[in-house]
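Observations on the three-dimensional arrangement
Residue-level listing of the chains:
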Amino acid sequence: MTTAHAPGKIILFGEHAVVYGRPAIAVPLLQLQATGEVTDLSDSPRGNVWLQASAVDLSCWLHECPTHNPLAKVVRLTLAEVRAVDPPALSVRVTSQIPIASGLGSGAAVSVAVIRALSEHLGSPLPLERQSSIAFEVERLHHGTPSGVDNTVITFSQPVYFVRGTPPESFKIGRRFELAIGVSDMPAPTAVAVSTVRQGWLTDPERYDDLFDAIGHISEQARRVIHSGQPEALGPLMDENQDLLEELGVSSSALRELILAARASGALGAKLSGAGLGGNVIALVTPETRERVLRAYESAGAIMTMHTQVRN
Ligand code: PMV
(Lines give C-alpha, C1' and ligand atoms only; values in the text may rest on other atoms or scores of the structure.)
Protein backbone atom coordinates (compact mmCIF):
# COMPACT_ATOMS: atom_id res chain seq x y z
CA MET A 1 0.00 0.00 0.00
CA THR A 2 1.17 3.56 -0.72
CA THR A 3 -0.06 6.36 1.52
CA ALA A 4 0.40 10.10 0.96
CA HIS A 5 -0.88 13.26 2.61
CA ALA A 6 -1.60 16.91 1.84
CA PRO A 7 -2.46 19.70 4.29
CA GLY A 8 -5.33 22.13 4.48
CA LYS A 9 -4.80 25.86 3.94
CA ILE A 10 -5.80 29.26 5.24
CA ILE A 11 -6.13 32.36 3.09
CA LEU A 12 -4.85 35.23 5.22
CA PHE A 13 -5.64 38.03 2.79
CA GLY A 14 -6.91 38.55 -0.74
CA GLU A 15 -9.58 35.90 -1.39
CA HIS A 16 -11.83 36.73 -4.38
CA ALA A 17 -9.65 39.67 -5.46
CA VAL A 18 -7.04 37.01 -6.33
CA VAL A 19 -9.40 35.62 -9.00
CA TYR A 20 -9.16 39.08 -10.66
CA GLY A 21 -5.37 39.29 -10.66
CA ARG A 22 -4.73 40.93 -7.29
CA PRO A 23 -2.28 39.38 -4.78
CA ALA A 24 -3.31 37.05 -1.96
CA ILE A 25 -1.43 35.54 0.97
CA ALA A 26 -2.07 31.96 2.02
CA VAL A 27 -0.45 29.55 4.47
CA PRO A 28 -0.68 25.77 4.90
CA LEU A 29 -2.71 24.37 7.79
CA LEU A 30 -0.53 21.43 8.71
CA GLN A 31 -2.61 19.99 11.52
CA LEU A 32 -5.43 18.99 9.17
CA GLN A 33 -4.53 16.51 6.46
CA ALA A 34 -6.15 14.70 3.55
CA THR A 35 -4.85 11.17 2.94
CA GLY A 36 -4.74 9.06 -0.22
CA GLU A 37 -4.17 5.29 -0.01
CA VAL A 38 -3.45 3.16 -3.05
CA THR A 39 -3.37 -0.65 -2.97
CA ASP A 40 -3.06 -3.36 -5.63
CA LEU A 41 -6.22 -5.40 -6.19
CA SER A 42 -4.92 -8.79 -7.22
CA ASP A 43 -8.29 -10.37 -8.02
CA SER A 44 -9.59 -7.72 -10.47
CA PRO A 45 -8.72 -7.25 -14.17
CA ARG A 46 -5.58 -5.17 -14.78
CA GLY A 47 -6.20 -1.49 -15.48
CA ASN A 48 -9.35 -1.27 -13.34
CA VAL A 49 -9.40 1.33 -10.55
CA TRP A 50 -11.78 1.23 -7.58
CA LEU A 51 -12.43 4.66 -6.03
CA GLN A 52 -13.69 5.21 -2.54
CA ALA A 53 -14.34 8.42 -0.59
CA SER A 54 -16.84 7.71 2.16
CA ALA A 55 -17.10 11.37 3.25
CA VAL A 56 -18.72 12.26 -0.08
CA ASP A 57 -20.50 8.91 -0.50
CA LEU A 58 -18.44 7.91 -3.49
CA SER A 59 -17.54 4.34 -4.34
CA CYS A 60 -17.32 3.28 -7.98
CA TRP A 61 -15.09 1.74 -10.60
CA LEU A 62 -13.28 4.55 -12.39
CA HIS A 63 -14.84 3.73 -15.76
CA GLU A 64 -18.31 3.92 -14.18
CA CYS A 65 -17.82 7.05 -12.01
CA PRO A 66 -19.71 10.23 -13.00
CA THR A 67 -17.69 12.04 -15.72
CA HIS A 68 -17.38 15.28 -13.76
CA ASN A 69 -16.55 13.79 -10.42
CA PRO A 70 -13.44 15.61 -9.10
CA LEU A 71 -11.89 12.48 -7.60
CA ALA A 72 -12.39 10.51 -10.81
CA LYS A 73 -10.85 13.40 -12.73
CA VAL A 74 -7.78 13.55 -10.50
CA VAL A 75 -7.20 9.81 -10.95
CA ARG A 76 -7.64 10.00 -14.74
CA LEU A 77 -5.28 12.97 -15.05
CA THR A 78 -2.65 11.34 -12.83
CA LEU A 79 -2.78 8.04 -14.74
CA ALA A 80 -2.38 9.97 -18.02
CA GLU A 81 0.51 11.99 -16.60
CA VAL A 82 2.53 9.00 -15.37
CA ARG A 83 1.72 7.01 -18.54
CA ALA A 84 1.37 3.79 -16.60
CA VAL A 85 1.84 0.85 -18.95
CA ASP A 86 -0.48 -2.06 -18.14
CA PRO A 87 -0.95 -1.12 -14.45
CA PRO A 88 -2.41 -3.66 -12.02
CA ALA A 89 -5.96 -3.19 -10.76
CA LEU A 90 -5.86 -0.59 -7.99
CA SER A 91 -7.93 0.65 -5.10
CA VAL A 92 -7.74 4.40 -4.36
CA ARG A 93 -9.16 5.39 -1.01
CA VAL A 94 -9.46 8.96 0.27
CA THR A 95 -10.00 10.20 3.80
CA SER A 96 -9.70 13.72 5.13
CA GLN A 97 -9.70 15.61 8.42
CA ILE A 98 -10.45 18.88 6.60
CA PRO A 99 -14.11 19.90 6.80
CA ILE A 100 -15.71 20.05 3.36
CA ALA A 101 -16.81 23.41 1.85
CA SER A 102 -15.34 25.36 4.76
CA GLY A 103 -12.68 27.41 2.99
CA LEU A 104 -9.87 25.24 4.36
CA GLY A 105 -8.83 23.70 1.06
CA SER A 106 -10.44 20.27 1.38
CA GLY A 107 -10.93 19.82 -2.39
CA ALA A 108 -7.37 20.70 -3.38
CA ALA A 109 -5.87 18.73 -0.48
CA VAL A 110 -7.74 15.58 -1.48
CA SER A 111 -6.56 16.03 -5.07
CA VAL A 112 -2.92 16.46 -4.06
CA ALA A 113 -3.01 13.50 -1.64
CA VAL A 114 -4.37 11.25 -4.41
CA ILE A 115 -1.90 12.53 -7.03
CA ARG A 116 0.96 11.79 -4.63
CA ALA A 117 -0.21 8.36 -3.52
CA LEU A 118 -1.07 7.18 -7.04
CA SER A 119 2.03 8.46 -8.82
CA GLU A 120 4.31 7.09 -6.08
CA HIS A 121 2.52 3.74 -6.12
CA LEU A 122 3.08 3.48 -9.87
CA GLY A 123 6.78 4.27 -9.45
CA SER A 124 6.67 7.77 -10.99
CA PRO A 125 6.40 10.37 -8.21
CA LEU A 126 5.56 13.70 -9.80
CA PRO A 127 7.40 16.98 -9.19
CA LEU A 128 5.52 19.56 -7.09
CA GLU A 129 4.79 21.80 -10.11
CA ARG A 130 3.03 18.92 -11.90
CA GLN A 131 1.09 17.97 -8.78
CA SER A 132 -0.06 21.56 -8.48
CA SER A 133 -1.14 21.88 -12.11
CA ILE A 134 -3.14 18.64 -12.03
CA ALA A 135 -4.87 19.82 -8.84
CA PHE A 136 -5.58 23.15 -10.58
CA GLU A 137 -7.30 21.33 -13.47
CA VAL A 138 -9.51 19.58 -10.94
CA GLU A 139 -10.27 22.87 -9.13
CA ARG A 140 -11.89 24.01 -12.36
CA LEU A 141 -14.67 21.52 -11.70
CA HIS A 142 -15.41 23.12 -8.32
CA HIS A 143 -15.69 26.58 -9.81
CA GLY A 144 -14.86 27.57 -13.37
CA THR A 145 -12.25 30.26 -12.69
CA PRO A 146 -9.95 29.19 -9.86
CA SER A 147 -7.07 31.54 -9.18
CA GLY A 148 -4.73 28.66 -8.36
CA VAL A 149 -3.97 29.81 -4.81
CA ASP A 150 -5.40 26.70 -3.11
CA ASN A 151 -3.54 24.08 -5.15
CA THR A 152 -0.32 26.13 -4.89
CA VAL A 153 -0.18 26.62 -1.12
CA ILE A 154 -1.29 23.05 -0.49
CA THR A 155 1.18 21.44 -2.88
CA PHE A 156 4.17 23.50 -1.77
CA SER A 157 3.14 23.53 1.93
CA GLN A 158 4.71 26.94 2.47
CA PRO A 159 3.41 30.46 3.02
CA VAL A 160 2.84 32.02 -0.42
CA TYR A 161 2.33 35.47 -1.85
CA PHE A 162 0.28 34.57 -4.87
CA VAL A 163 -0.64 36.45 -8.03
CA ARG A 164 -2.62 34.53 -10.61
CA GLY A 165 -0.59 33.54 -13.66
CA THR A 166 2.81 34.27 -12.09
CA PRO A 167 5.11 31.82 -10.29
CA PRO A 168 4.21 31.67 -6.57
CA GLU A 169 6.59 33.50 -4.25
CA SER A 170 7.28 32.05 -0.85
CA PHE A 171 8.33 34.63 1.70
CA LYS A 172 10.01 34.86 5.06
CA ILE A 173 7.94 35.22 8.20
CA GLY A 174 9.92 37.66 10.32
CA ARG A 175 8.21 36.68 13.58
CA ARG A 176 5.81 33.81 14.09
CA PHE A 177 2.19 34.62 14.92
CA GLU A 178 -0.88 32.77 15.97
CA LEU A 179 -4.35 32.43 14.47
CA ALA A 180 -7.55 31.09 15.99
CA ILE A 181 -9.82 29.40 13.45
CA GLY A 182 -13.55 28.95 13.87
CA VAL A 183 -15.59 26.89 11.42
CA SER A 184 -19.21 28.01 11.13
CA ASP A 185 -22.10 25.56 10.93
CA MET A 186 -22.75 26.69 7.34
CA PRO A 187 -20.75 24.80 4.71
CA ALA A 188 -20.68 26.86 1.50
CA PRO A 189 -19.47 25.69 -1.90
CA THR A 190 -16.80 27.97 -3.35
CA ALA A 191 -18.67 28.13 -6.67
CA VAL A 192 -21.64 29.97 -5.15
CA ALA A 193 -19.54 32.73 -3.55
CA VAL A 194 -17.36 33.07 -6.65
CA SER A 195 -20.40 33.48 -8.86
CA THR A 196 -21.99 36.00 -6.44
CA VAL A 197 -18.87 38.15 -6.84
CA ARG A 198 -18.82 37.60 -10.62
CA GLN A 199 -22.44 38.85 -10.89
CA GLY A 200 -21.55 41.95 -8.86
CA TRP A 201 -18.48 42.63 -10.99
CA LEU A 202 -20.44 42.25 -14.23
CA THR A 203 -23.13 44.62 -12.93
CA ASP A 204 -20.79 47.28 -11.54
CA PRO A 205 -17.22 46.62 -12.74
CA GLU A 206 -15.84 49.98 -11.58
CA ARG A 207 -16.97 49.55 -7.97
CA TYR A 208 -15.79 45.94 -7.84
CA ASP A 209 -12.43 46.75 -9.39
CA ASP A 210 -11.94 49.43 -6.72
CA LEU A 211 -12.76 46.87 -4.02
CA PHE A 212 -10.33 44.35 -5.56
CA ASP A 213 -7.63 47.05 -5.72
CA ALA A 214 -8.15 47.90 -2.05
CA ILE A 215 -7.91 44.22 -1.10
CA GLY A 216 -4.78 43.75 -3.21
CA HIS A 217 -3.23 46.75 -1.47
CA ILE A 218 -3.93 45.11 1.91
CA SER A 219 -2.17 41.91 0.78
CA GLU A 220 0.89 43.96 -0.20
CA GLN A 221 0.96 45.75 3.16
CA ALA A 222 0.44 42.47 5.00
CA ARG A 223 3.37 40.88 3.22
CA ARG A 224 5.61 43.75 4.33
CA VAL A 225 4.61 43.60 7.99
CA ILE A 226 4.85 39.79 8.11
CA HIS A 227 8.27 39.92 6.52
CA SER A 228 9.55 42.65 8.83
CA GLY A 229 8.37 40.82 11.96
CA GLN A 230 5.50 43.09 13.04
CA PRO A 231 2.60 40.64 12.93
CA GLU A 232 0.51 42.65 15.43
CA ALA A 233 -0.02 45.14 12.59
CA LEU A 234 -2.00 42.42 10.79
CA GLY A 235 -5.01 42.87 13.09
CA PRO A 236 -6.28 46.15 11.62
CA LEU A 237 -5.51 44.84 8.10
CA MET A 238 -7.68 41.78 8.77
CA ASP A 239 -10.54 44.02 9.94
CA GLU A 240 -10.20 46.20 6.83
CA ASN A 241 -10.11 43.15 4.56
CA GLN A 242 -13.27 41.87 6.27
CA ASP A 243 -15.09 45.19 5.61
CA LEU A 244 -14.22 44.86 1.93
CA LEU A 245 -15.41 41.23 1.83
CA GLU A 246 -18.68 42.44 3.37
CA GLU A 247 -18.97 44.91 0.51
CA LEU A 248 -18.32 42.12 -2.00
CA GLY A 249 -21.35 40.38 -0.49
CA VAL A 250 -19.60 37.18 0.65
CA SER A 251 -19.99 37.49 4.42
CA SER A 252 -22.97 36.11 6.33
CA SER A 253 -24.63 36.51 9.70
CA ALA A 254 -23.03 33.30 11.00
CA LEU A 255 -19.57 34.54 9.99
CA ARG A 256 -20.20 38.01 11.41
CA GLU A 257 -21.16 36.51 14.77
CA LEU A 258 -17.94 34.53 14.94
CA ILE A 259 -15.88 37.56 13.94
CA LEU A 260 -17.55 39.84 16.49
CA ALA A 261 -17.15 37.20 19.20
CA ALA A 262 -13.43 36.92 18.45
CA ARG A 263 -12.88 40.68 18.50
CA ALA A 264 -14.86 41.07 21.73
CA SER A 265 -12.67 38.41 23.34
CA GLY A 266 -9.42 40.18 22.66
CA ALA A 267 -8.48 39.16 19.10
CA LEU A 268 -6.38 41.84 17.40
CA GLY A 269 -8.37 41.46 14.18
CA ALA A 270 -10.63 38.93 12.46
CA LYS A 271 -12.02 38.11 9.04
CA LEU A 272 -13.63 35.36 7.04
CA SER A 273 -11.17 33.16 5.19
CA GLY A 274 -11.74 31.40 1.88
CA ALA A 275 -14.75 31.90 -0.33
CA GLY A 276 -17.17 32.97 2.42
CA LEU A 277 -20.98 32.85 2.65
CA GLY A 278 -20.19 30.18 5.22
CA GLY A 279 -17.03 28.27 6.03
CA ASN A 280 -14.44 29.60 8.44
CA VAL A 281 -13.15 32.74 10.09
CA ILE A 282 -9.66 33.51 11.35
CA ALA A 283 -8.56 35.82 14.17
CA LEU A 284 -5.15 37.11 15.19
CA VAL A 285 -4.52 36.01 18.78
CA THR A 286 -1.76 35.85 21.37
CA PRO A 287 -1.04 33.02 23.81
CA GLU A 288 -3.00 35.13 26.37
CA THR A 289 -6.17 35.62 24.26
CA ARG A 290 -6.18 32.31 22.37
CA GLU A 291 -8.33 30.23 24.74
CA ARG A 292 -10.84 33.04 25.27
CA VAL A 293 -11.29 33.48 21.53
CA LEU A 294 -11.69 29.75 20.94
CA ARG A 295 -14.35 29.56 23.67
CA ALA A 296 -16.09 32.62 22.22
CA TYR A 297 -16.25 30.89 18.82
CA GLU A 298 -17.90 27.88 20.45
CA SER A 299 -20.50 30.04 22.20
CA ALA A 300 -21.16 31.80 18.88
CA GLY A 301 -21.97 28.49 17.15
CA ALA A 302 -18.67 27.25 15.68
CA ILE A 303 -18.72 23.51 14.95
CA MET A 304 -14.94 23.21 15.00
CA THR A 305 -12.20 25.41 16.45
CA MET A 306 -8.43 25.23 16.39
CA HIS A 307 -5.39 27.43 16.58
CA THR A 308 -2.26 27.43 14.49
CA GLN A 309 1.11 29.15 14.42
CA VAL A 310 2.17 30.78 11.17
CA ARG A 311 5.90 30.31 10.68
CA ASN A 312 8.40 29.25 8.02
O1 PMV B 1 -11.60 27.23 -1.78
P2 PMV B 1 -11.91 28.36 -0.87
O3 PMV B 1 -13.30 28.35 -0.36
O4 PMV B 1 -10.89 28.55 0.18
O5 PMV B 1 -11.86 29.73 -1.75
C6 PMV B 1 -10.83 29.99 -2.61
C7 PMV B 1 -10.54 31.43 -2.70
C8 PMV B 1 -11.22 32.23 -3.80
O9 PMV B 1 -10.42 33.40 -3.94
C10 PMV B 1 -12.62 32.64 -3.35
C11 PMV B 1 -11.32 31.50 -5.13
C12 PMV B 1 -10.01 31.29 -5.84
O13 PMV B 1 -9.99 30.52 -6.80
O14 PMV B 1 -9.00 31.91 -5.49
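In what follows, the accompanying structure is described.

What follows concerns the overall build of the chain. The helix and strand tally for the chain stands at nine helices and eleven strands. The C-alpha atoms of the chain give 20 Å as radius of gyration, which agrees with the globular expectation for 312 residues (20 Å, within 12%). A separation threshold of at least 6 residues defines the contact pool for the chain, and within that pool the share at least 24 residues apart is 73%. Roughly 13,000 Å² of accessible area belongs to the chain as shown, and the carbon and sulfur atoms make up 52% of that amount. Across the chain, 25 positive and 32 negative side-chain charges occur, with their mean positions spaced 4 Å apart.

For the structure on display, the rule yields one disulfide. Paired by a disulfide, C60 and C65 hold their sulfur atoms 2.0 Å apart. Linking C60 and C65, the disulfide has an S-S dihedral of approximately 95° and is accordingly described as right-handed. By the burial criterion, C60 is buried, and C65 matches it.

By the definition in use, this model includes 15 salt bridges. Salt-bridge contacts for D213 lead to R22; the nearest nitrogen and oxygen are separated by 3.0 Å. Taken together, the residues D213 in helix α6 (residues 205–227) and R22 in the loop between β1 (2–13) and β2 (24–40) connect sequence positions 191 residues apart. Through salt bridges that share partners, R22, D209 and D213 make up one connected network.

In space, the four strands of this open sheet follow the order β9-β10-β8-β11, with antiparallel pairing throughout. Whereas interior strands pair on both sides, the edge strands pair on one side only; in this sheet they are β9 (270–273) and β11 (304–310). Averaged over all neighbouring strand pairs, the angle between strand axes comes to 25°, with direction disregarded. Each of β8 (177–183), β9 and β10 (280–285) is contacted by helix α8 (residues 253–264), which is oriented at about 150° to β9, the strand it contacts most.

Right, let's talk about the nonpolar core for a bit. Counting residues in hydrophobic clusters, the biggest one holds 98 residues, and the most contacted among them are L12, V75 and Y297. Of all the elements, helix α2 (residues 106–121) adds the most residues to this core, at nine residues. Looking at this core, you find at least three residues from each of domain 1 (2–162) and domain 2 (172–310). Excluding its chain neighbours within four sequence positions, the residues that come into contact with V75 are V49, L51, L62, V92, V114 and L118.

Rules used in this analysis
- Residues numbered from 1 in each chain as written.
- Predicted model: local features only at pLDDT ≥ 70, side-chain atom pairs only at ≥ 80, totals over all residues.
- Heavy atoms only, no water.
- Helix = DSSP H or I, 4+ residues; strand = E, 2+ residues; numbered from the N terminus.
- Rg over C-alpha atoms; globule rule 2.2 N^0.38 Å.
- Contact = heavy atoms within 4.5 Å.
- Areas by Shrake-Rupley, 256 points an atom, 1.4 Å probe, with all protein chains shown as cover.
- Lys, Arg positive; Asp, Glu negative; His and termini not counted.
- Charge placed at Lys NZ, Arg CZ, Asp CG, Glu CD.
- Disulfide = S-S within 2.5 Å.
- Buried < 20%, exposed > 50% of the residue type's maximum accessible area, 1.4 Å probe, protein only.
- Salt bridge = Lys/Arg side-chain N within 4 Å of Asp/Glu carboxyl O.
- Pairing = 2+ DSSP bridges.
- Axes fitted to C-alpha atoms, helices over the stretch in contact; angles between N-to-C directions.
- Core = buried A, V, L, I, M, F, W, Y, C linked by side-chain atoms within 4.5 Å.
- Domains from an automatic or database assignment.

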